[in-house]
Amino acid sequence: MFKNIPFQRVEWITSGFLIGTLFLALTAVPAYLLLGGITGGFMWALFFFYLFATGISITLGYHRLFSHLAFQAKWPVKAFVTFFGAAAWENSIINWSSDHRNHHKYVDHEDDDPYSITRGFWWAHMGWLMFKLKPEPPIDNVKDLEKDPLVAWQHKYIHWIALFMGFVLPALLCGLYYGSWQAALGGFLIVGVLRTVIVQHATFCINSACHYFGSQPYSSKHSSRDSWVMALLTFGEGYHNYHHEFQHDYRNGVKPWQFDPTKWTIWTLSKIGMTSNLRRVSDAKILLAELSEARQRIDQGLEYCRSEQFTEAARLRLQASIDALHRAQEDLATRYYQVQKTVTDRVELSKARVNVWRRDIEDALSHLDEILRFDLVPRAV
Ligand SMILES: [Zn+2]
Ligand SMILES: [Zn+2]
């Protein structure tokens, strides 16, 4: 993917920062620890606080609050994410949100989606930051954010704020606490550099891995995917297929068992009046998307099974599953239109009813998986 990229298209400062911090995290940090550099409870507590504070500032602040306006927040929340978000070294709220709104608007369009997965995994991960293939598009999709004085101020001084909050303050705090220059170096390397690298690559994974690995329960019209593994690494942003389908919902992990600490934090803050107007997509609308996607997958699965050459024994075993699938499909179709009518009539769905439909989707999809597993049966020559 890096072939044929003209030399002058390299973003030297950004590339130098990304490679330099990664290099330090892999060499200087282990060297500091192995050579017995000063560490201790305070430094590690600060490391984990910073990891959480800067990570959640990106997911809760830059992403769900500013890019998607998924809820409203009082000034202390905004101030927190403005300062600690800067310390993640992911540029200003204005730049980040502008790129991200374009990503949603033009997802998978090679030219207009800034980190389009169609240019490959590494391009979506960090290549898009290291090389500029064409002039930067104008920042014209964040007028609402530019009106916010705090956000505008952060944009103006972003590199100074990032330098102070991201590197100088951790070094200063560790140096003062332990009363030593060596501890200041430790604070810079561990709380500053190592933490920055971890948070940045977690964010990058949302653009790369979350458009590459995982399932598509809500839509296969775009490349985004749901992955619980990625959710664990990204404060809950791994449910990216749901997020692309319903981008204004303050939740990414919408099921009760899904790991989404960003959602939990927003909800908890709403209970003490720090956030409000949390936007949620109705259960019925979510279910409709799931039903429609399940039906499409079943149709494609059936088509695939019919076109393959199976042995007679496999064919007989297959028939039973296909019959079961047909029944499930018909049942799904009937219920699908019932749901549609119910939604049109704006009647709230009962939890019990929704649960029955959810079970139908799961049953139908497990039938489909059963059929597709026959692909492993030796075929007639
Ligand atoms: Zn995406
Ligand atoms: Zn988004």
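Residues numbered from 1 in each chain as written. Chains lettered and ligands numbered in written order. Predicted model: local features only at pLDDT ≥ 70, side-chain atom pairs only at ≥ 80, totals over all residues. Heavy atoms only, no water.

Caption draft 1: Local environment of helix α1 (residues 12-26). Taking 1.5 Å of rise per residue, the 15 residues of α1 would be expected to cover 21 Å, and the 21 Å separating its terminal C-alpha atoms lies within 8% of that figure. Residues Ser-15, Leu-18, Thr-21 and Ala-25 constitute the buried set of α1. Looking straight down α1, one finds its buried side chains confined to an arc of 145 degrees; they lie on one side. In α1, the exposed positions angled more than 90 degrees off the buried face are occupied by Trp-12, Ile-13 and Phe-23. As for α1, its buried residues are in contact with α2 (28-34), α6 (121-130), α9 (158-178) and α10 (181-207). (Helix = DSSP H or I, 4+ residues; strand = E, 2+ residues; numbered from the N terminus. Expected span 1.5 Å × (residues − 1). Buried < 20%, exposed > 50% of the residue type's maximum accessible area, 1.4 Å probe, protein only. Arc of directions from axis to C-beta. Contact = heavy atoms within 4.5 Å.)

Caption draft 2: Here's a closer look at unusual backbone geometry. Although it is not a glycine, Leu-69 sits at a positive phi angle of roughly 50 degrees. Structurally, Leu-69 can be placed in the loop between α3 (41-67) and β1 (72-73). Given a relative accessible area of 39%, Leu-69 falls into the partly exposed group.

Caption draft 3: Geometry of a nonpolar patch on the surface. Taken together, the side chains of Phe-83, Trp-153, Tyr-157, Trp-160, Leu-163, Phe-164, Val-168, Leu-172 and Leu-176 present a nonpolar region at the surface, about 900 Å² in accessible area. Broken down by element, the residue count for the nonpolar patch peaks at six residues, all from α9. Look at Val-168 and you get partly exposed, because its relative accessible area is 37%. (Patch = residues over 30% accessible without salt bridge, like charges linked within 9 Å, V, L, I, M, F, W, Y side chains within 5 Å. Areas by Shrake-Rupley, 256 points an atom, 1.4 Å probe, with all protein chains shown as cover. Salt bridge = Lys/Arg side-chain N within 4 Å of Asp/Glu carboxyl O.)

Caption draft 4: A look at the coordination of the zinc ion (ligand 1). Protein ligation of the zinc ion (ligand 1) involves His-103 (NE2), His-211 (NE2), His-240 (NE2) and His-244 (NE2), the donor distances falling in the range 2.1 Å. Viewed at the metal, the four donor atoms of the zinc ion (ligand 1) are separated by angles of 94 to 158 degrees, and the geometry they form is irregular. We note that the donor set of the zinc ion (ligand 1) lies within a single chain, spaced as H-x107-H-x28-H-x3-H. In this pair, His-240 and His-244 both sit in helix α12 (residues 240-245), four residues apart, roughly one turn of the helix. Like His-244, His-240 is buried. (Donors = N, O, S within 2.8 Å, 3.2 Å for Na, K, Ca; no water. Tetrahedral: all angles 85-135°; square planar, octahedral: opposite > 155°, others 65-115°.)

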